[in-house]
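Fold and geometry: a report
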Amino acid sequence: MTRHVDVLIIGAGLSGIGMACHLTKEDTGRSYLILERRTAIGGTWDLFKYPGIRSDSDMYTFGFGFRPWIGTKVLADGPHIRQYVEDTAAEYGVTDHIRFGRKVVKASFSSADSLWTVQVRNEQTGEDETYTSNFFIGCTGYYDYDKGYRPEFAGEDKFRGQIVHPQHWPEDLDYAGKRVVVIGSGATAITLIPSMSGTAEHVTMLQRSPTYIAALPANDPVAVGLKFAKVPAALAYKAGRARNIALQRASYQLSRTNPKLSKKLMLAAVRAQVGPNIDMRHFTPSYNPWDQRLCVVPNGDLFRILRSGKASIATDHIDTFTETGIRLRSGEELPADIVVSATGLTVQMLGGAELEVDGEALATRDLVAYKGALLGNVPNAMVILGYTNASWTLKADLAAEYFCRLLNHMRDNGFEQVVAVPEEGDRSEASLMGGALTSGYIQRGDGVMPRQGTRGPWLVINNYFRDRAMLRKGAIEDGILRFTRAGRARVTADAVESRSA
Ligand SMILES: Cc1cc2nc3c(=O)[nH]c(=O)nc-3n(C[C@H](O)[C@H](O)[C@H](O)COP(=O)(O)OP(=O)(O)OC[C@H]3O[C@@H](n4cnc5c(N)ncnc54)[C@H](O)[C@@H]3O)c2cc1C
């Protein structure tokens, strides 16, 4: 069994499969393997099984740039996204390169040998395995698969009902005719409320503070029109993608440059959807749009269900759980048979694997990311983290393209090692995923997230258009990357420049 490859990819979610497809597409000629802990492709879209699980990004931008998403729905459900990732892997011949059931526990780089040594637990057999590679790519997402974030609630031991977390949804959970309280105000909570409402007796969304919610059409009218006109799928995808990237950017930009107007427009749209009888304080956050990730609802399904009275919303703090439900600080009691704690994720880097360079253990928080992709001071290593203010895949695709460009440049110049070397003052205290966003999970994850920089290619700009220019066209040798030639002679970027001049 192969245990050495050029490129070792960890994770077979959107990012890992995307990276492998790029390696093939861009003729890097490098061998690769994907080590995946689960027994299936899809990552997030294989893990989450709660009712209604779907994207909150439009599929034109959440799909891969190189493989059209065929469909007219703006948002897609989890099983379809999983299938799309699996089909993409099959189409690009990636599936046979995946070793399932392998948990990476430690990755160590030796500068002398230009080699990663990766310790792996085969969770199916319980055996330990060792792999080696020249490059190490972390496509492990950003959260702990074993446990979601779940605060301990006062008095929860008294509660006679059931408490469930969306990350660990019991397949046989029967909520027909039951009173359900969903704690949370993020994408998961607003997906669960309409999905459970038809079956449950009543669903209450309990939030500490509101989130901005925007209604989108369930079906993209332009996509429907193009399909009707028999426009080739690839062309329609390209056009729809360009339009949505621009729209996404414009809406984000408005929230940054004119937050007052952006807030006014968003709240007016919600008022029009919920009608006059629902208190707008449930939809009026204390922060500006896009300080935290925006939530979207297809065809305003959440608003419709609230209007119908099958679901309601409470904005308050939990005082204590009681035997029969939850008592709020206001004194109001929410009766419940089932409480869903849609309280989020536990942020984790590299799926919890340890990282080491030349025998020195590295804490991910101490690292700084170059171009939001390579890890400063860690040779031949990359992590793929997508956008938080736009679709994840937009950045994951660009980062994978950049990596292939870098690989080809190294091959053409006979380099075997590359490392981005930050200078004094390049590293900022802001988290790689933070910056503009103040969401709870980002704050909770601050202890493990690599940092972003203060300037130049270390600064994360979260802007697709500028990233595209930098990652697709920017000079590979920019004085920050240091290369080492095969044969171990250490060559600085400056030396390379003067030689090629
Ligand atoms: C419920 C939910 C909905 C989301 N919706 C959106 C959305 O609409 N739009 C958007 O842009 N983003 C969304 N996100 C963020 C989402 O995670 C990304 O968009 C995307 O799916 C991430 O893909 P990934 O491959 O990078 O990571 P993941 O999907 O998390 O996949 C990581 C893979 O790595 C594997 N892995 C982890 N650690 C190890 C290890 N140590 N050894 C071996 N394998 C390991 C995991 O098993 C997993 O298969 C959502 C996230 C969640 C949780």
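Residues numbered from 1 in each chain as written. Predicted model: local features only at pLDDT ≥ 70, side-chain atom pairs only at ≥ 80, totals over all residues. Heavy atoms only, no water.

A short note on the sheet that holds strand E14 (residues 325–328)
Rules: Any two strands are treated as partners once DSSP identifies two or more bridges connecting them. Runs of E in the DSSP output that reach at least two residues are strands. Runs of H or I that reach at least four are helices, and both are numbered from the N terminus. Axis definition: a line fitted to C-alpha atoms, limited for helices to the stretch in contact. Angles are taken between N-to-C directions and run from 0 to 180 degrees.
Pairing within the open sheet is antiparallel, and its three strands lie in the order E13-E14-E15. Since the sheet does not close on itself, it has two edges, and those belong to strand E13 (318–321) and strand E15 (333–335), each with one partner. Across this sheet, the average inter-strand angle for adjacent strands is 20 degrees, counted without regard to direction. Where E14 lies against E15, three bridges are found, and the strand directions are antiparallel. Considered in E15, the bridge of arginine 327 is made with glutamate 333.

Comments concerning the nonpolar core
Threshold: Among the buried residues, those of types Ala, Val, Leu, Ile, Met, Phe, Trp, Tyr and Cys that are joined through side-chain atoms within 4.5 Å form a nonpolar core. Exposure categories follow from relative accessible area, calculated using a 1.4 Å probe and restricted to protein chains: below 20% of the type maximum is buried, above 50% is exposed, and the middle band is partly exposed. Any two residues having at least one pair of non-hydrogen atoms within 4.5 Å are treated as being in contact.
Ranked by size, the top nonpolar core spans 144 residues in total, and within it Ile9, Ile17, Phe283, Met382 and Leu481 carry the most contacts. With 12 residues, the top contributor of residues to this core is helix H10 (residues 392–413). Dropping the residues within four chain positions of it, isoleucine 9 is found in contact with Gly16, Met19, Ala20, Leu23, Tyr32, Leu33, Ile34, Leu35, Ile137 and Cys139.

A word on the sheet that holds strand E8 (residues 179–183)
The strands making up a sheet associate through hydrogen bonds between their backbones, and the pairing can be parallel or antiparallel. Strand order in the open sheet made by the five strands is E7-E16-E8-E9-E12, with parallel pairing throughout. Whereas interior strands pair on both sides, the edge strands pair on one side only; in this sheet they are strand E7 (162–164) and strand E12 (311–315). Between one strand axis and the next, the sheet turns by 20 degrees as a mean value, whatever way the strands run. The pairing of E7 with strand E16 (residues 338–341) spans three bridges and is classified as parallel. By the bridge assignment, valine 164 is partnered in E16 with valine 340. Packing of helix H5 (residues 187–197) onto the sheet brings it into contact with E8, strand E9 (202–207), E12 and E16, and relative to E9 it is tilted by some 170 degrees.

Overview of the environment of glutamate 356
The following threshold applies: For the purposes of these results, a polar contact is taken to be a pair of N or O atoms within 3.5 Å, where, inside protein, one atom must be able to donate a hydrogen and its partner to accept one; residues adjacent in sequence count only when each atom of the pair is a side-chain atom.
Structurally, the position occupied by glutamate 356 is in strand E17 (residues 354–357). We classify glutamate 356 as buried; its relative accessible area is 17%. Of the polar contacts made by the side chain of glutamate 356, one reaches the side chain of lysine 106; its length is 3.1 Å.

Here we look at the environment of leucine 267
Within the secondary structure, leucine 267 is located in helix H8 (residues 259–274). In sequence terms leucine 267 and tyrosine 212 are 55 residues apart; their C-alpha atoms lie 8.0 Å from each other. Contact partners of leucine 267, with chain neighbours within four places excluded, come to Tyr212, Met280, Phe283 and Thr284.

Examining H10
Since there are 3.6 residues in each turn of an α-helix, residues three or four apart along the chain are aligned in direction. How we decide: Here the expected span of a helix is defined as 1.5 Å times the quantity of residues minus one.
If you check H10, its first and last C-alpha atoms are 32 Å apart, about what 22 residues at 1.5 Å a residue would give, namely 32 Å. Extensive coverage of H10 is indicated by the burial of 17 of its 22 residues. One or two positions beyond H10, positive phi appears at glycine 414, with a value near 70 degrees.

Details of the state of the cysteines
Where we set the bar: Pairs of cysteine sulfur atoms within 2.5 Å are what we label disulfides.
Inspection of the entire model under this criterion finds zero disulfides. Here cysteine 21 stays unpaired: no disulfide links it, and the sulfur of cysteine 404, its closest cysteine neighbor, is 10 Å away.

Overview of the side chain of threonine 72
Relative to the elements of secondary structure, threonine 72 occurs in the loop between helix H3 (59–62) and helix H4 (78–91). Looking at threonine 72, its side chain comes within polar contact range of the side chain of asparagine 219, at 3.1 Å.

Focus on the site of the ligand
Put simply, the rule is: Nearness here has a simple test: a residue counts as near a molecule or strand if at least one of its heavy atoms is within 4 Å of that partner. Methods summary: accessible areas were calculated by the Shrake-Rupley approach with a probe of 1.4 Å, and residue burial reflects only the protein chains presented.
The local shell around the ligand holds 34 residues, among which Ser15, Glu36, Asp56, Ser57 and Tyr145 are the closest. Here an oxygen atom of the ligand sits 2.5 Å away from a polar atom, N or O, in the side chain of serine 15. Contact distances for the ligand include 2.9 Å between a nitrogen atom and a backbone N or O atom of valine 104. Protein contacts shield 95% of the accessible area of the ligand, which totals 970 Å² for the unbound molecule.

Considering the pairing of E13
Bridge count between E13 and E14: three bridges; the pairing is antiparallel. Note that in E14 the partner of isoleucine 318 across the bridge is leucine 328. The turn joining E13 and E14, which pair antiparallel and follow one another in sequence, is formed by three residues.

Structural notes on the pattern of salt bridges
Keep this limit in mind: A carboxyl oxygen of Asp or Glu within 4 Å of a side-chain nitrogen of Lys or Arg is what we treat as a salt bridge.
By the definition in use, this model includes 29 salt bridges. Between glutamate 26 and lysine 25 there is a salt bridge, with its nearest N and O atoms 3.6 Å apart. Between aspartate 291 and arginine 256 there is a salt bridge, with the nearest N and O atoms lying 3.0 Å from each other. In this pair, aspartate 291 is assigned in the loop between H8 and strand E11 (295–298) and arginine 256 in helix H7 (residues 233–257), connecting sequence segments 35 residues apart. Beyond isolated ion pairs, a larger network of salt bridges with shared partners links Arg365, Arg427, Glu429, Asp446 and Arg451.

Function cannot be read off these values alone, since they describe shape.
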